[in-house]
Amino acid sequence: MNTGDAASLTPASASGVPHGWQGRTIVGLDVGGAHTKGALARDGRIEDVVQIATPLWQGLHHLDDALASVRQRFAATGSPAFAVTVTAELTDAFASRRDGISQLADRLAAALGPETIIYAGPKGFLPIADAADHVAAVASANWHATAALVGRTCPNALLVDIGSTTADLIPIVDARPAAQGYGDAERLASGELLYTGATRTFVMAIADRVPFAGRWQPLMNEYFASMADVRRITGELPEGVDQHATADGRGKSLAESRARLARMVGYDAADAREADWLRLAHYLGERQLGSLFDAASLVLSHGTVADDAPIVGAGIGDFLSRALAHRLGRRWISLAETIPVAPAAAPWAARAAPAVAVALLAGG
């Protein structure tokens, strides 16, 4: 897409928020192709956060179910206002981004009400009914919302939001998102969007061969295991963040994760020691971290982010952004430390950053 027009617009803020929303209870929603995340903001503070597995590639009824669950979760708050951001238009449930935005907007309006607003990057918020007229601005704009929120308290930083499937690396300069790209294609080329995540990434996407049993062992080009298995074996995976089925449909114990990882190199788990599988998992984890380091190095090479600026970590893979900050020699801050949030909601507030962002941005 051509981003020249978007770049010349007023920087993102709570512009477009209907009169009277300030002070209201607001639910922010981040509707993705794999998860729907909701954040409840009251009086400018995040009080509750929820994440719901939403495999839209299996049917749009999953979105309807997720929205119903969100409404039930926050029903005690009365009649909150809803602010949303979406990335689900990328799923193969839709023929194109335009088709996805159009169908999603219709479903969101029907479930949440026509007063719902949607985040459109530099354009701020728009009425949900106008989303299909601004596809380029609305599509996959959740990273921009998070960066705009972080800029309020960290005017110079590198935001690193690592989710289940992707990682966003966004420079923040003079309190504003300073990304080189806006659309997915541009962001992939700039290193600001990396298709690697903490749980859903296939192991075969991390490496094509691994050191095992004293030789370089090729990996099977098959979805036998995910990075959730790898991070479970290394002990890094936070509790409750892996909400999707495993590659083989079996459980999520350490033994079952080892069995899946073993298949990637053509073995059964019993063919090697637990220490061997742990060593293999650590290698794959390092390869993934290396790809994040390369992307961050490219983004930082523009020189716009100050040398002493921190890494602000978000997403279920914030343990990876913390390790990345150490590699880069930078201070690491959790997004939860930069916003008003109830203590009980803090861990998930950082993991559901875009939902938190649109809730707080819409509140003024």
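The following paragraphs examine the structure supplied in this document.

What counts as what
- Residues numbered from 1 in each chain as written.
- Predicted model: local features only at pLDDT ≥ 70, side-chain atom pairs only at ≥ 80, totals over all residues.
- Heavy atoms only, no water.
- Phe/Tyr/Trp six-rings, centres within 6.5 Å; stacked < 30°, edge-to-face > 60°.
- Helix = DSSP H or I, 4+ residues; strand = E, 2+ residues; numbered from the N terminus.
- Buried < 20%, exposed > 50% of the residue type's maximum accessible area, 1.4 Å probe, protein only.
- Lys NZ or Arg CZ within 6 Å of the ring centre and 35° of its normal.
- Axes fitted to C-alpha atoms, helices over the stretch in contact; angles between N-to-C directions.
- Parallel < 35°, antiparallel > 145°, perpendicular 65-115°, else oblique.
- Left-handed = near helix turned anticlockwise from the far one by under 90°.
- Contact = heavy atoms within 4.5 Å.
- Nonpolar A, V, L, I, M, F, W, Y, C, P; charged D, E, K, R; others polar.
- Core = buried A, V, L, I, M, F, W, Y, C linked by side-chain atoms within 4.5 Å.
- Pairing = 2+ DSSP bridges.
- Salt bridge = Lys/Arg side-chain N within 4 Å of Asp/Glu carboxyl O.

With that settled, the discussion passes to the packing of aromatic side chains. The full count for this structure, using the stated rule, is six aromatic pairs. With a centroid separation of 5.4 Å and an interplanar angle of 50 degrees, the aromatic rings of F212 and Y267 are classed as tilted. Within this pair, whereas F212 is found in strand 11 (residues 209-212), its partner Y267 is found in the loop between helix 8 (254-264) and helix 9 (274-300), the two being separated by 55 residues in sequence. Overall, F212 belongs to the buried group, its relative accessible area being 6%. Under the relative-accessibility criterion, Y267 is labelled partly exposed at 22%. Grouping aromatic residues by their ring pairs yields a cluster made of F212, Y267 and W277. One cation-aromatic arrangement involves R24 over W21; the distance from NZ or CZ to the ring centre is 5.8 Å.

This next bit is on the packing of helix 5 (residues 142-153) against helix 12 (residues 353-362). Two elements in contact, helix 5 and helix 12, have axes whose closest approach is 8 Å; the angle formed by their N-to-C orientations is 60 degrees. Classified by the angle their axes make, helix 5 and helix 12 are oblique. For the crossing formed where helix 5 meets helix 12, the hand is left-handed. Here N142, A145, T146, A148, L149 and R152 of helix 5 come into contact with helix 12, specifically with A353, P354, V356, A357, V358, L360 and L361. The class makeup of the residues in the contact of helix 5 with helix 12 is 10 nonpolar, two polar and one charged.

I46, F125, I339 and V356 are the most contacted members of the largest nonpolar core, which has 45 residues in total. Tallying contributions element by element places helix 12 first for this core, with nine residues. With residues near it in sequence (within four places) discarded, I339 still touches I46, L149, A349, V356 and L360. Membership of the second largest hydrophobic core comes to 32 residues, among which are L40, V86, L112 and A139.

A few words now on the sheet that holds strand 2 (residues 35-42). Ordered in space as 3-2-1-4-5-6, the six strands form an open sheet in which the pairing is mixed. Both outer strands of the open sheet, strand 3 (45-53) and strand 6 (125-127), are each paired with one neighbouring strand and no more. The sheet shows a mean angle of 25 degrees between the axes of neighbouring strands, direction not considered. Of the strands in this sheet, strand 1 (26-31), strand 2, strand 3, strand 4 (81-86), strand 5 (117-119) and strand 6 are in contact with helix 12, which crosses strand 1 at around 145 degrees.

With that out of the way, let us pick up the pattern of salt bridges. A full pass over the atoms with the stated rule returns 18 salt bridges. In this structure, R42 engages E47 in a salt bridge whose closest nitrogen and oxygen atoms are separated by 3.0 Å. Relative accessible area serves as the criterion here: at 31%, R42 is assigned to the partly exposed category. Residue classification places E47 among the partly exposed positions, given a relative accessible area of 28%. Linking D229 and R260 is a salt bridge whose minimum nitrogen-to-oxygen distance equals 2.9 Å. In this pair, D229 is assigned in helix 7 (residues 227-234) and R260 in helix 8, connecting sequence segments 31 residues apart.

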